[in-house]
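Descriptive analysis of the structure
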Amino acid sequence: MTEPVQLVDALKRIEADGLASIEAADSLEALEALRVRFLGRSGDLAGMLSRIGQAPPEDRRAIGQAANTAKRRLQEAHTSRLAALESAESAGVAQADLTMPGRRAWEGGVHPVTRVIDEICEIFRELGFSKVRGPEAETEWYNFQALNIPLEHPAADMWDTFYLADGVVLRSHTSPVQARIMETHEPPVRVVVPGLCYRRDPFDPTHAPAFEQIEGLAVDEGIDFVEFRSTIEHFVHRFFGRETTARFRPAYFPFTEPSAEVDVSCHMCGGSGCSTCKGTGWIEIMGSGMVHPAVFEAVGYDPERYTGYAFGMGSARIAMLRYGIPDIRLFYEGDARFLAQFR
Ligand code: PHE
């Protein structure tokens, strides 16, 4: 039979032992182990309490009181030590951070194609061109007929077009905005038109089904081919640099006559021929020409009085040349690791 005095003493020893250990606990892990050891369901205190039943009934009161006191003191000690360790731990983290480099704020940037568009518009702004926009959902009339492209004519196949509804397309070039502007403004007209265009093209290294174009249009009395040519040459020198030369190659567009494709000397090889220019020394940058009289008629301008020129270029293609990017898809996939290089 257990002596009551022995049990009370044992409880006091557990209490003293537990209080000392808990005070000395130097980590949250160590403190938790002590809580389990002294206060846990199969801990030391519980072990003692399970023996109360063996004590004589007249002693149980004293033993119970000693046990309750021990439990309360140990719990209080645990609570205060826990608070102390937790605040020390968070203070420690804050202190360690003071020696570490700060986290940089995330910084956005202008998309490289947008940059090229802005730069091109700025060069033409200096020459007196305003920036205008037109709708991406366009009627067949503006996308084709107003531009002297009969729907049944094979020339319409130059633009493999998405149809939204009968007579309504996603514009396959920015040229329809030429007609819209001339319909609503009297000459002189000088505009650049940046905007998205859509074609049923594969998404491959040189094509995207949705892509940016910039259109240019100048109409006035007395605009001749020399003004057209020197304006484009000025643009090429401003954008690509003095050492780059432009060449005008005869081409065909239904809405210009004569028409030309403009090439620039290859920036990679300087014109001697390399893989970028496919050995030719030249890279095509735009379609262009003198506005066809049929377009003036469609918009109500007098073709005897007015002349003008127009051009259209793919902004992402220009950006590929500017930044030496081999695959147009990189511009349209939104990979932050790629785009971050242009900040
Ligand atoms: N719209 C033509 C195209 O998308 C380019 C162009 C514009 C040609 C203006 C001549 C004049 O291919």
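Above this text you will find the structure in question.
Summary of the structure given here. (Residues numbered from 1 in each chain as written. Predicted model: local features only at pLDDT ≥ 70, side-chain atom pairs only at ≥ 80, totals over all residues. Heavy atoms only, no water.)

What follows is about the site of the ligand. Around the ligand, the surrounding shell holds 15 residues, and the nearest of these are H173, S175, R199, Q213 and G312. In this structure, an oxygen atom belonging to the ligand sits 3.4 Å away from a side-chain N or O atom of W159. Here an oxygen atom of the ligand and a side-chain polar atom of R199 are 2.9 Å apart. Those elements that place two or more of their residues in the shell around the ligand are β6 (210-220), β9 (282-291) and β10 (307-314). With three residues, β10 is the single largest residue contributor to the shell around the ligand. (Near = heavy atom within 4 Å. Polar contact = N/O pair within 3.5 Å; in protein donor to acceptor, adjacent residues only side chain to side chain. Helix = DSSP H or I, 4+ residues; strand = E, 2+ residues; numbered from the N terminus.)

Once that is clear, we can look at the environment of R337. Mapped onto the elements of the fold, R337 is located in helix α12 (residues 336-339). Looking at R337, its side chain comes within polar contact range of the side chain of D335, at 2.7 Å.

What the seven strands build is an open sheet, ordered β1-β5-β6-β10-β9-β8-β7; its pairing is mixed. Sheet topology places β1 (130-131) and β7 (246-253) at the edges, where each strand pairs with a single neighbour. Sheet topology places β7 next to strand β8 (residues 256-265); seven bridges connect them, and they run antiparallel. Bridging from a neighbouring strand, A246 pairs with V264 of β8. Helix α5 (residues 112-126) rests against β1, β5 (189-198), β6 and β10 of the sheet, and its axis sits at about 5° to β6. Packed onto the sheet, helix α8 (residues 225-240) meets β5, β7, β8, β9 and β10 and runs at close to 150° relative to β9. (Pairing = 2+ DSSP bridges. Contact = heavy atoms within 4.5 Å. Axes fitted to C-alpha atoms, helices over the stretch in contact; angles between N-to-C directions.)

Taken across its 10 residues, β5 has eight buried, putting it largely inside the fold. Relative to β5, β1 runs parallel, the two being bridged by two bridges. Bridge pairing links S130 to V191 in β5. Both β5 and β6 contribute to a ladder of 10 bridges, which runs antiparallel. Its bridge partner lying in β6, V192 is registered against G216. (Buried < 20%, exposed > 50% of the residue type's maximum accessible area, 1.4 Å probe, protein only.)

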